[in-house]
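# Fold and geometry: a report
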Amino acid sequence: MVREIKETELQELMELYLHLHEKEIPEITQHLRETWKTIMQDENHHIIVNVFDEKIVSSCVCVIIPNLTRNIRPYAFIENVVTHSSYRGKGYATECLNYAKKIAQESNCYKIMLLTGSKDDATLKFYNNAGYNCTDKTAFIQWID
């Protein structure tokens, strides 16, 4: 079942992120709790989860960004697409991305942007099959320490 995350599911999401790029679950500090509260209260910040057997097995983040161009239409940004390694290849992430697309459409977005750090051909093919292309725009990243 695909839906938005519940406020009580932070720990389970952090455990899922171990299958993304995190090496350990961070300590639940005041800063982490405040960040979680900010995310949960932001109507433009959507953490989408796919639940199977009462376990979060896949997730993505979709942020709707207000915009002054394109007839004052917002755009959506997708990040942190992840599926638990034991549940990959079953369509769970695709369902999350489709849910994000629905949110973007309902928000009158004119586009959805997605970034991935993966160079894996299977991952890139997955995003291409989900309707994303890597030819329309060029992304540049500047990491900040």
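Please read these numbers as outputs of a predicted model, since none were measured by experiment.

Within the protein chain one finds 4 helices and 5 strands. When the elements of the protein chain are put in sequence order from the N terminus, they spell out β-α-α-β-β-β-α-β-α. A globule of 145 residues ought to have a C-alpha radius of gyration of about 15 Å, and the protein chain, at 15 Å, matches this closely. Each principal axis of the C-alpha atoms in the protein chain carries an extent, and together these give about 40 × 35 × 35 Å. Expressed as a percentage of its 145 residues, the buried residues of the protein chain come to 32%. Carbon and sulfur atoms make up 50% of the accessible area of the protein chain, which amounts to about 10000 Å² in all. Here the protein chain carries 16 positive and 20 negative side-chain charges, and the mean point of each set is 7 Å from the other.

Right, let's talk about the pairing of strand 2 (residues 45-52) for a bit. Counting buried positions along strand 2 yields 6 of 8 residues, so the element is predominantly enclosed. Note: strand 1 (residues 2-4) against strand 2, 3 bridges, orientation antiparallel. Within strand 2, the residue paired with Arg3 across the bridge is Val49.

For Asn50, the position within the fold is in strand 2. Of the polar contacts made by the side chain of Asn50, one reaches the backbone nitrogen of Met1; its length is 3.4 Å. Separated by 3.1 Å, the side chain of Asn50 and the backbone oxygen of Tyr92 make a polar contact. Contact partners of Asn50, with chain neighbours within four places excluded, come to Met1, Val2, Lys55, Ile56, Val57, Ser58, Tyr92, Glu95 and Cys96.

Glancing now at the pattern of salt bridges. For the structure shown, the criterion picks out 1 salt bridge. For Glu9, the salt bridge identified is with Arg3, shortest N-O distance 2.7 Å. With respect to burial, Glu9 and Arg3 carry one shared label: buried.

The method is simple in principle: a probe with the dimensions of a water molecule rolls over the atoms, and the space it marks as empty is what remains. When its volume is computed, the largest pocket comes out at roughly 1700 Å³. Along the wall of the largest pocket there are 49 residues; nearest its centre are Leu114, Leu115, Thr116, Leu124 and Tyr127. Of all the secondary-structure elements, those providing two or more residues to the lining of the largest pocket are strand 4 (75-83), helix 3 (92-106), strand 5 (112-114) and helix 4 (121-129). It is strand 4 that provides the largest number of residues to the lining of the largest pocket, a total of 7 residues. In this model, the second largest pocket occupies a volume close to 360 Å³.

In this section: the pairing of strand 3 (residues 55-65). Burial within strand 3 is extensive, with 8 of its 11 residues counted as buried. Bridge count for strand 2 against strand 3 is 8 bridges, and the pairing is antiparallel. The residue of strand 3 that forms the bridge with His45 is Val63. If you look at the hairpin formed by strand 2 and strand 3, you'll find 2 residues sitting between the two strands, and Asp53 has a positive phi there, around 50°. Inspection of the sheet shows strand 3 paired to strand 4 by 7 bridges, in the antiparallel sense. For Ile64, the partnering residue across the bridge sits in strand 4 and is Ala76.

What counts and what doesn't
Residues numbered from 1 in each chain as written. Predicted model: local features only at pLDDT ≥ 70, side-chain atom pairs only at ≥ 80, totals over all residues. Heavy atoms only, no water. Helix = DSSP H or I, 4+ residues; strand = E, 2+ residues; numbered from the N terminus. Rg over C-alpha atoms; globule rule 2.2 N^0.38 Å. Buried < 20%, exposed > 50% of the residue type's maximum accessible area, 1.4 Å probe, protein only. Areas by Shrake-Rupley, 256 points an atom, 1.4 Å probe, with all protein chains shown as cover. Lys, Arg positive; Asp, Glu negative; His and termini not counted. Charge placed at Lys NZ, Arg CZ, Asp CG, Glu CD. Pairing = 2+ DSSP bridges. Polar contact = N/O pair within 3.5 Å; in protein donor to acceptor, adjacent residues only side chain to side chain. Contact = heavy atoms within 4.5 Å. Salt bridge = Lys/Arg side-chain N within 4 Å of Asp/Glu carboxyl O. 1 Å grid on protein atoms, 1.4 Å probe; cavity = no way out; pocket = protein on both sides within 12 Å on 5 of 7 lines; lining within 4 Å. Points joined across faces, edges and corners; volume = space filled by probe spheres on them.

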